[in-house]
Amino acid sequence: MLHHPYTRIQFPHSGRPPFVAINMVSSLDGKITSGGKLTPGSLGSPFDRKTMNVLRGHFDAVLTGGSTARQHPYYLGVPSHCEKLRKKRGLRAQPLSIILTRRGNLDPAAPLFTDPPRPPLIITSKQGARSLSPKIKGAANIETSAGGVQDFLKLLFTKYGVNTLLVEGGARTNYEFLQAGLVDQLFLTLAPRLVGSAFDLTMAMGERVLENKPRIILLSHFTRQNELFLRYKLNWEEQE
Ligand SMILES: NC(=O)c1ccc[n+]([C@@H]2O[C@H](COP(=O)([O-])OP(=O)(O)OC[C@H]3O[C@@H](n4cnc5c(N)ncnc54)[C@H](OP(=O)(O)O)[C@@H]3O)[C@@H](O)[C@H]2O)c1
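Just so it is clear, the model here is predicted, and its values are computed rather than measured.

J.: What am I meant to see in the sheet that holds strand β1 (residues 19-26) here?
T.: Consider a sheet: its strands pair through backbone hydrogen bonds, and that pairing is either parallel or antiparallel. Pairing is mixed in the open sheet, where 9 strands are placed in the order β5-β4-β3-β2-β6-β1-β7-β9-β8. The sheet is open, and its two edges are formed by β5 (141-144) and β8 (214-224), each paired on a single side. Taking the axes of each pair of neighbouring strands and ignoring which way they run, one obtains an average angle of 20° across the sheet. Sheet analysis places strand β2 (residues 61-65) next to strand β3 (residues 96-101), joined by 5 bridges and oriented parallel. Bridge pairing in β3 places T64 opposite I99. Contacts from helix α7 (residues 149-160) reach β2, β3, β4 (121-124), β5 and β6 (164-167) within the one sheet, and its direction differs from that of β4 by about 145°.

This is the structure we're talking about:
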């Protein structure tokens, strides 16, 4: 874990709103799912998975949308051997897992709720909170918010001490953060795969073209076998 190009990268650790990065893996034709889902090895390599853990190792919290959480109902944490390094960085041993859901349709039997290293946080609507099972309410912290991304970030900063947030999709969740202009960096793994189907998702999918177009700067790139690892900065002050 120590010998990875992203081990030594640095992020600002205090800020208002929190520093936000997105991390995704995509096929060469721009798809983040294959056959409607992402399964181990369907796009990224084992090294890409390691990269995901290295990145998680830098952040206070890791967030996904409800659809991703239903497909991958696991705690968004790091392997135990990464905990020491997180603590050395002044972080909690495990990042806080955050799930965004309007409907609150989550499975109480999911490992995310039965065996989490820390209580996950669910940000939902009033209706969603009513739909969550008592078991989930006992295992997780629940916050209701009728607002948008900016309000979530404010809540995370003030109540949960989140200075740095890693967003791990999916397409609609990424879109909301990008539409709000609240993504500072983007990590993208370009996997040597082709998907081809029209119904598979791309990295950000919403109703309209993004209103703001940040100047996007390539901060770094490296390859590992046939995979390309890209790190971008999104500068919202300087629109394209
Ligand atoms: N290639 C990759 O790196 C990668 C990474 C992550 C995910 N994925 C794939 O992406 C797919 C899922 O993407 P997706 O676009 O369908 O869904 P998604 O972004 O994972 O989840 C969308 C859901 O998030 C919740 N949500 C979004 N914005 C919200 C808000 N402002 N307030 C409250 N809840 C909000 C809602 O949950 P409810 O429906 O619960 O109300 C919404 O339906 C999966 O197949 C997954 O495997 C790929």
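J.: It is not clear to me how the nonpolar core should be interpreted in this structure. Could you clarify?
T.: Side chains of a nonpolar character, in soluble globular proteins, are inclined to be buried together. One finds V20, I22, A61, I98, L165, F177 and V183 to be the most contacted residues of the largest nonpolar core, which totals 54 residues. For this core, the leading source of residues is β1, giving 6 residues. Look past the residues within four positions of A61 in its chain and what remains in contact with it is P95, L96, I98, L156, V162 and L165.

J.: Hey, could you run me through the site of the ligand in this one?
T.: Around the ligand, the surrounding shell holds 27 residues, and the nearest of these are G65, G66, S67, G169 and G170. The set of elements that each furnish at least two residues to the shell around the ligand consists of β1, β2, α2 (66-71), β3 and α8 (171-179).

J.: Just to check I follow, could you spell out helix α1 (residues 46-56) for this structure?
T.: An α-helical segment advances 3.6 residues per turn. Residues three or four places apart therefore align on the same side. When we look at burial in α1, the residues that qualify are T51, M52, V54, L55 and R56. In this structure, the buried residues of α1 make contact with β1, β2, β6, β7 (185-190) and β9 (227-239).

J.: Even after reading the chapter, I still don't get α8, so can you show me in this structure?
T.: If you check which residues of α8 are buried, you get A171, T173, N174, Y175, F177 and L178. Packed against the buried residues of α8 are β1, β2, β3, α7 and β6. Downstream of α8 by one or two residues, G181 has phi in the positive range, about 70°.

J.: How do you make sense of the pairing of β2 when you look at a structure like this?
T.: Burial runs high along β2: 5 of the 5 residues are buried. Because side chains alternate across β2, one face comprises the buried residues A61, L63 and G65, and the other comprises V62 and T64, equally buried. When β2 meets β6, the two strands line up parallel, connected through 3 bridges. Each residue of the ladder has a partner; that of L63, found in β6, is V167.

J.: Whenever I open this one, the environment of A180 confuses me. Can you help?
T.: On the secondary structure map, A180 appears in the loop between α8 and β7. C-alpha of A180 to C-alpha of V167: the two residues are 13 residues apart in sequence and 14 Å apart in space.

J.: Whenever I open this one, the environment of A129 confuses me. Can you help?
T.: Within the element layout of this structure, A129 appears in helix α5 (residues 126-131). C-alpha separation for the pair A129 and T101, spaced 28 residues apart in sequence, amounts to 9.2 Å. Contacts of A129, omitting those with residues within four sequence positions, involve G104, T124, I142 and T144.

Rules of the game
For every chain, the first residue of its written sequence is number 1, and the numbers climb from 1 along that sequence. Per-residue local features of the predicted model are confined to residues with pLDDT of at least 70, and side-chain atom pairs are confined, for both listing and counting, to 80 or more; whole-chain, interface and lining totals are unaffected and use all residues. When DSSP finds two or more bridges between two strands, those strands count as paired. Here a helix means four or more residues in a row that DSSP labels H or I, a strand means two or more in a row labelled E, and each is numbered from the N terminus. Where helices are involved, their axes are fitted lines through C-alpha atoms of the stretch in contact, as for all axes, and angles between N-to-C directions lie from 0 to 180°. Once C-beta atoms have been placed from the backbone, residue pairs whose C-beta atoms lie within 7 Å are recorded as contacts. Defined on buried residues, the nonpolar core groups Ala, Val, Leu, Ile, Met, Phe, Trp, Tyr and Cys residues joined through C-beta atoms within 7 Å. Burial is judged by counting other C-beta atoms within 10 Å of a residue's own C-beta: 20 or more means buried, 12 or fewer means exposed, and anything between counts as partly exposed, with every C-beta placed from the backbone. Using the backbone to place each C-beta atom, any residue with that atom within 6 Å of a molecule or strand is considered near it.

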